[in-house]
Amino acid sequence: MDLSVEKKARIVKDTLTYIDGFPVFSIVELNIVAACTRACAFCPVSDKDFYKKNNIQGKLDLNVYKKLLHDLKSIGYRGRIIFSGFSEPLLHKNLEELIRETKVVLPNSVLEIITNGDLLRLPKMKKLMKAGLDVICVSLYDGAHQFDHFSKMKTELGMSDSQMLLRRRYYEDGDYGLIISNRGGLVDSNQYRDKSESSIETVPLNRACYYPFYMIKVDLNGDVLVCSHDWQKRFVVGNILKESIWDLWKGKRLNSLKMSLSHADRSTVPCNACDVKGDVIGKESFNAWCIAMGIDTPYSQPA
């Protein structure tokens, strides 16, 4: 199993909180720019027209982000905020300003960046740390030599292993070091699975999915998406410029989907085309939601 999955599972479990008995999301993941420096074969961006076809353009505006931070502050949010998703976050020209604003408004939150490392240099990393960045995860796509390069950078900066995480993403020993998914049906994930992992031939899967129970995904225009695997943005919950993120989280549209997923019903778009197992992380958040909603399913028993 990808070690980052274990890390994420601990984060979700340890930061589970409640407001009036209703569980709060533990992770806010943001897409902050519509561009990437790479086009990996197992990523939808390998299609040169991906951003155009899926209407992804521009960058996260500071005013949109300030609205999100205001919403999070109003509910006392202290979970994790991650700049990732659909793009390379280091391409955002005002990245340091976004980080500084986060730490001003939500000083107790943990801010993380997931990057491919192409644009990460020692001076840049120093600026990000000074602005208030807590964690950076570097995905290594080129080979083992990258471990040496970024390990040296980590040592020079005096960063711990928990502050800079290095993740293998190059092919070795029959896998890419990560759990492959089809990104909501956009890629053939079976081509890139671990050699010991069985292919997934039929979707929708007949199993519960916990993603929408522990995390919330915000696109660069303020749209709230069902999860980080909906690369085509086919299920938009709403927009934070029109409603608060808490109202969207507790709202009928998202909770209707959660009800279906809690009974292993993945017939809703985009879940019907998704091959993510989805029940590896977030059991505690899922159980908490079931209790809050007063429902019981075969999937809501203690882990």
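Placed above this text is the structure.
Residues numbered from 1 in each chain as written. Predicted model: local features only at pLDDT ≥ 70, side-chain atom pairs only at ≥ 80, totals over all residues. Heavy atoms only, no water.

Caption draft 1: Representation of the overall build of the chain in the model. Helix and strand counts for the chain stand at ten helices and ten strands. Projected onto the principal axes, the alpha-carbon positions of the chain cover approximately 50 × 45 × 40 Å. Intrachain contacts of the chain at a sequence separation of at least 6 include 71% that bridge at least 24 residues. Accessible surface, the chain as shown: approximately 13700 Å² in total, 49% of it carbon and sulfur. Looking at the chain, you have 42 positive and 37 negative side-chain charges, and the mean spots of the two groups are 4 Å apart. (Helix = DSSP H or I, 4+ residues; strand = E, 2+ residues; numbered from the N terminus. Contact = heavy atoms within 4.5 Å. Areas by Shrake-Rupley, 256 points an atom, 1.4 Å probe, with all protein chains shown as cover. Lys, Arg positive; Asp, Glu negative; His and termini not counted. Charge placed at Lys NZ, Arg CZ, Asp CG, Glu CD.)

Caption draft 2: Layout of the sheet that holds strand S3 (residues 27-30). Taken together, the eight strands give an open sheet; going across it, the order is S7-S6-S5-S4-S3-S8-S9-S10, and neighbouring strands pair in mixed fashion. This sheet does not close on itself; its edge strands, each paired only once, are strand S7 (164-168) and strand S10 (236-239). Sheet twist, expressed as the mean angle between neighbouring strand axes with direction ignored, is 25°. Here S3 pairs with strand S4 (residues 80-83) via four bridges, running parallel. Looking across to S4, one finds that Ile27 is bridged to Arg80. Across the face of the sheet, helix H4 (residues 95-105) comes into contact with S4 and strand S5 (110-115) while running at roughly 155° to S5. (Pairing = 2+ DSSP bridges. Axes fitted to C-alpha atoms, helices over the stretch in contact; angles between N-to-C directions.)

Caption draft 3: Representation of the pattern of salt bridges. A full pass over the atoms with the stated rule returns 14 salt bridges. Across the salt bridge formed by Glu112 and Lys7, the nearest N and O atoms sit 3.5 Å from each other. One end of the pair, Glu112, is in strand S5; the other, Lys7, is in helix H1 (residues 3-14), with 105 residues separating them in the sequence. For the residue pair Glu112 and Lys7, the accessibility class agrees, reading buried in each case. A salt bridge links Lys53 to Asp47, with the shortest nitrogen-to-oxygen separation between them at 2.4 Å. Of the residues examined, Asp47 reaches a relative accessible area of 29% and is grouped as partly exposed. Where salt bridges share partners, they join Lys7, Arg80 and Glu112 into one cluster. (Salt bridge = Lys/Arg side-chain N within 4 Å of Asp/Glu carboxyl O. Buried < 20%, exposed > 50% of the residue type's maximum accessible area, 1.4 Å probe, protein only.)

Caption draft 4: Region of the structure containing helix H10 (residues 283-293). Among all positions of H10, only Lys283, Ser285, Phe286, Asn287, Ala288, Trp289 and Cys290 are buried. Trailing H10 by a residue or two, Gly294 shows a phi angle of about 70°, which is positive.

Caption draft 5: Structural view of helix H9 (residues 252-262). By the burial criterion, the buried members of H9 are Leu254, Asn255, Leu257, Lys258, Ser260, Leu261 and Ser262. Those residues of H9 that are buried lie in contact with strand S2 (22-24), helix H7 (211-214), S10, helix H8 (245-250) and H10. Following H9 by one or two positions, Ala264 has its phi on the positive side, about 60°.

Caption draft 6: Highlighting unusual backbone geometry. Residue Val203 is joined to Pro204 through a cis peptide bond whose omega torsion reads 5°. Even without glycine at this site, Arg183 takes up a positive phi of about 55°. When you line up the elements, Arg183 lands in the loop between S7 and H7. A relative accessible area of 14% means that Arg183 is categorised as buried. Positive phi values are uncommon outside glycine, yet Lys233 reaches one of about 55°. Note that Lys233 resides in the loop between strand S9 (223-225) and S10. Owing to a relative accessible area of 16%, Lys233 belongs among the buried residues under this scheme.

Caption draft 7: Fine view of the environment of Asn287. As for its position among the elements, Asn287 is in helix H10. Residue classification places Asn287 among the buried residues on the basis of a relative accessible area of 15%.

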